[in-house]
Amino acid sequence: MSGDALQVEPEAANASALIYNDRGEYLLHLRDYFPGQIWEPGMWSLLGGGREPQDATLEHTVRRELAEEAGLDLADLSPFATEYASHDDGTTVPIAVYAGRWNGDPRELRLTEGVMLAWFTPDDLHRLRIADTTSALVRRHAAGLPRMQSGPEPGPGPEPAPAPAPAPAPAPAEHRPAPPHGTVPHIIGVHLYLERPDGTVLLGLRHPESAFAPSTWHVLAVH
């Protein structure tokens, strides 16, 4: 997607929701990994979808999609931009983007499409599999928000705390005998498999720049 117009154009046939919270984070949707079946498979994107005949306006479209995909109903949504998605065949589809504030927990939502929903700050986006245009859209919106305050204004401080007690002396190092002559160390991989009683398994999405299996889901592992 691309574009800079801060308006919703009438010819747009799709609508998406740019959802943010008071901490400056943005709600992103991890799409199913079905190459050839869905658009942007396995990537983080905005919630939304195509306009249907019963949708009187594009705001109705995005509200219907939020309800169907995540059971989410936002009090306020306002037009933010019109973006343009380019398909592999070269066609371009305009997407009306609506912005709305929400401070809930995405883990409590009823997700019916895709893998998961999660909050991310603009500084996190470079670690994700996400379209450059979606990342730019989030950053452009974040740049227009008021600066977040990191804490209360400075004032008279409390009485100084008493000096901490001296730390205890470290325990003596454990003595281990030297390995036999000719010993060769071996690198052994260790995987941690965590499963809940309901059968769900904990996986981690590996960093796109990982030397092994980048941008793929994997059990927790280390050497």
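Residues numbered from 1 in each chain as written. Predicted model: local features only at pLDDT ≥ 70, side-chain atom pairs only at ≥ 80, totals over all residues. Heavy atoms only, no water.

Asker: Outline the nonpolar core, listing residues and values.
Answerer: Ranked by internal contacts, the top residues of the largest apolar core, which has 20 residues, are Leu 28 and Trp 44. Looking at this core, the elements that each hand over two or more residues are strand E1 (14-20), strand E2 (26-30), strand E5 (78-86), strand E6 (92-101), strand E7 (116-120) and helix H2 (132-143). When near neighbours in sequence (up to four residues on either side) are disregarded, Trp 44 contacts Leu 28, His 29, Leu 30, Met 116, Ala 118, Phe 120, Leu 128, Arg 129, Ile 130 and Leu 205. (Core = buried A, V, L, I, M, F, W, Y, C linked by side-chain atoms within 4.5 Å. Buried < 20%, exposed > 50% of the residue type's maximum accessible area, 1.4 Å probe, protein only. Helix = DSSP H or I, 4+ residues; strand = E, 2+ residues; numbered from the N terminus. Contact = heavy atoms within 4.5 Å.)

Asker: Just give me the short version of the layout of surface pockets, but keep the residues and values in it.
Answerer: Within this model, the largest pocket holds a volume of roughly 560 Å³. If you go around the largest pocket, you meet 13 residues; those closest to its centre are Val 115, Met 116, Arg 196, Val 201 and Leu 202. Of the residues belonging to the lining of the largest pocket, the class tally is 10 nonpolar, 1 polar and 2 charged. What the second largest pocket holds in volume is close to 440 Å³. If one sorts the elements of the lining of the second largest pocket by residue count, E1 sits on top with 3 residues. For the lining of the second largest pocket, the residue count by class is 8 nonpolar, 9 polar and 5 charged. (1 Å grid on protein atoms, 1.4 Å probe; cavity = no way out; pocket = protein on both sides within 12 Å on 5 of 7 lines; lining within 4 Å. Points joined across faces, edges and corners; volume = space filled by probe spheres on them. Nonpolar A, V, L, I, M, F, W, Y, C, P; charged D, E, K, R; others polar.)

Asker: Explain the packing of aromatic side chains residue by residue, including any values.
Answerer: Summed over the entire model, instances satisfying the criterion amount to 3 aromatic pairs. Aromatic side chains Trp 44 and Phe 120 sit 4.9 Å apart centroid to centroid with 75° between the ring planes, which places their arrangement in the edge-to-face category. Of this pair, Trp 44 sits in strand E3 (residues 44-45) while Phe 120 sits in strand E7; the two residues are 76 residues apart in sequence, bridging distant segments of the chain. Side by side, Trp 44 and Phe 120 carry an identical accessibility label, which is buried. (Phe/Tyr/Trp six-rings, centres within 6.5 Å; stacked < 30°, edge-to-face > 60°.)

Asker: Describe the side chain of Glu 25, with residues and values.
Answerer: Relative to the elements of secondary structure, Glu 25 occurs in the loop between E1 and E2. At a separation of 2.9 Å, a polar atom in the side chain of Glu 25 contacts the side chain of Asn 21. A polar contact of 2.8 Å, which involves the side chain of Glu 25, links it to the side chain of Arg 23. Other than its neighbours up to four places away in sequence, Glu 25 contacts Ile 19, Tyr 20, Trp 119, Phe 120 and Thr 121. (Polar contact = N/O pair within 3.5 Å; in protein donor to acceptor, adjacent residues only side chain to side chain.)

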